[in-house]
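Summary of the model geometry
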Amino acid sequence: MTTLFISDLHLDAERPQVTDLFLRFLRDDARGAAALYILGDLFEAWVGDDDPSETGAAVAQGVRELVDAGTPVHFIRGNRDFLLGDDYARRAGMTIVQDPSVVMLEGRPALILHGDLLCTADTGYMAFRAQTRDPKWQAQFLSQPLPARIAFAQHARAQSRDAQAALKNAGTMETITDVAPSTVDEYFVRYGVDLMIHGHTHRPAIHALDVGGRARRRVVLGDWYDHGSVLRVDGDRVELEGLR
Ligand code: MN
């Protein structure tokens, strides 16, 4: 049986062809899979489950149909959709999994996470992450009217673009926005796994590593900008595939 992993679709109304590709993936490729894991940034932005977006409604229905057909769907929140809540998850029929989590995959433990936790060199982002994951901050944010929340999200995205442009100018973009190798090693050891699967950096690859004298693999999922990207795990097969 195949287990599927995807992340970083960044779905929104401005790229309807990607939403269509994802809905087709749910109807065709994902049917019959043992499970589908969505490791964050399914949506480009998420300001609350009460946002009546058409993209959100179409995705909930598509996921629900896959779940009803017998494939469980698990979701880890990303840095764009960290406010996706229990209401929406219930509507879609998917379960929310903590970031990070250890899951059993083909009889062996694997660590799954969005991936932003590994980018510890980006101290500005890590501070923002800590602030916005605070339940008190989230409750306060979600109590604001929808237009105010949408304005905040647009502002945060503009700030993030500015920060990335500054890193590019300074020539530190590649290292700061990628995972910190020492943090990766630490996670392998702390969770006692030989396989780690994450997204976030948009640098799809299967890295073979030696950590503490053990052979380990770190799989980085691809984004859904030029085309779709999916990781298939079946027996000993661990393969990243493009999707059109
Ligand atoms: Mn991300």
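Preceding block: the structure.
For the structure given in this document, a descriptive report is provided here. Every value quoted in this text rests on a predicted model; they were computed, and no experiment measured them. (Residues numbered from 1 in each chain as written. Predicted model: local features only at pLDDT ≥ 70, side-chain atom pairs only at ≥ 80, totals over all residues. Heavy atoms only, no water.)

1. What about unusual backbone geometry?
Of the consecutive residues D99 and P100, the connecting peptide bond is found in the cis state with omega at 0 degrees. Structurally, P100 can be placed in the loop between β4 (95–96) and β5 (101–105). Although it is not a glycine, E106 sits at a positive phi angle of roughly 50 degrees. Take E106: it is sitting in the loop between β5 and β6 (108–113). Exposure remark for E106: the relative accessible area of 36% places this residue in the partly exposed category. Positive phi outside glycine occurs at H202, with the angle close to 60 degrees. Among the structural elements, H202 can be located in the loop between β7 (195–198) and β8 (205–211). Note on H202: relative accessible area 25%, which makes it partly exposed. (Helix = DSSP H or I, 4+ residues; strand = E, 2+ residues; numbered from the N terminus. Buried < 20%, exposed > 50% of the residue type's maximum accessible area, 1.4 Å probe, protein only.)

2. Some thoughts on the coordination of the manganese ion
Each pair of donors in an ideal four-coordinate tetrahedral metal site encloses 109.5 degrees, whereas pairs in an ideal six-coordinate octahedral site enclose 90 or 180 degrees. Coordination of the manganese ion by the protein involves D41 (OD), N79 (OD1), H114 (NE2) and H200 (ND1), with metal-donor separations of 2.0 to 2.3 Å. Of note, the donors binding the manganese ion are all from one chain and are spaced D-x37-N-x34-H-x85-H. Of this pair, D41 sits in the loop between β2 (35–38) and α2 (54–68) while H200 sits in the loop between β7 and β8, placing them 159 residues apart in sequence. Overall, the relative accessible area of 2% leaves D41 in the buried class. (Donors = N, O, S within 2.8 Å, 3.2 Å for Na, K, Ca; no water.)

3. Overview of the packing of helix α1 (residues 16–27) against α2
In contact at an axis separation of 9 Å, α1 and α2 are set at 10 degrees when each is read in the N-to-C sense. Between α1 and α2, the angle is such that the two are roughly parallel. Of the two possible hands of crossing, α1 and α2 adopt the one that is left-handed. Seen from α1, the contacting residues are T19, F22, L23 and L26; seen from α2, they are T55, A58, V59, G62, V63 and L66. (Axes fitted to C-alpha atoms, helices over the stretch in contact; angles between N-to-C directions. Parallel < 35°, antiparallel > 145°, perpendicular 65-115°, else oblique. Left-handed = near helix turned anticlockwise from the far one by under 90°. Contact = heavy atoms within 4.5 Å.)

4. Here we look at the sheet that holds β8
With respect to topology, 5 strands assemble into an open sheet ordered β5-β6-β7-β9-β8, the strand pairing being mixed. Each end of this open sheet is capped by a strand with a single partner; those strands are β5 and β8. Neighbouring strand axes in the sheet, compared pairwise and without regard to direction, differ in orientation by 25 degrees on average. (Pairing = 2+ DSSP bridges.)

5. Considerations on the sheet that holds strand β11 (residues 237–243)
Read across the open sheet, the 6 strands follow the order β4-β3-β2-β1-β10-β11; overall the sheet is mixed. Across the chains shown, the open sheet's two edge strands, defined by having one partner strand only, are β4 and β11. Pairing between strand β1 (residues 3–6) and strand β10 (residues 228–234): 3 bridges, direction antiparallel. Residue F5 lies in a different strand from β10, and its bridge partner there is L231.

6. A word on the nonpolar core
Counting 35 residues, the largest nonpolar core has F22 and F25 as the members making the most contacts within it. Of all elements in the fold, only β1, α1, β2, α2, β3 (73–75), α3 (86–92) and α5 (135–142) reach the threshold of two or more residues within this core. Ranked by residue count, the leading element in this core is α1, at 6 residues. When sequence neighbours within four positions are dropped, the list of residues in contact with F25 reads L4, I6, A30, L36, W224, V230 and L243. Grouped together as the second largest cluster of nonpolar side chains are 17 residues, A110, I112, V219 and V233 included. (Core = buried A, V, L, I, M, F, W, Y, C linked by side-chain atoms within 4.5 Å.)

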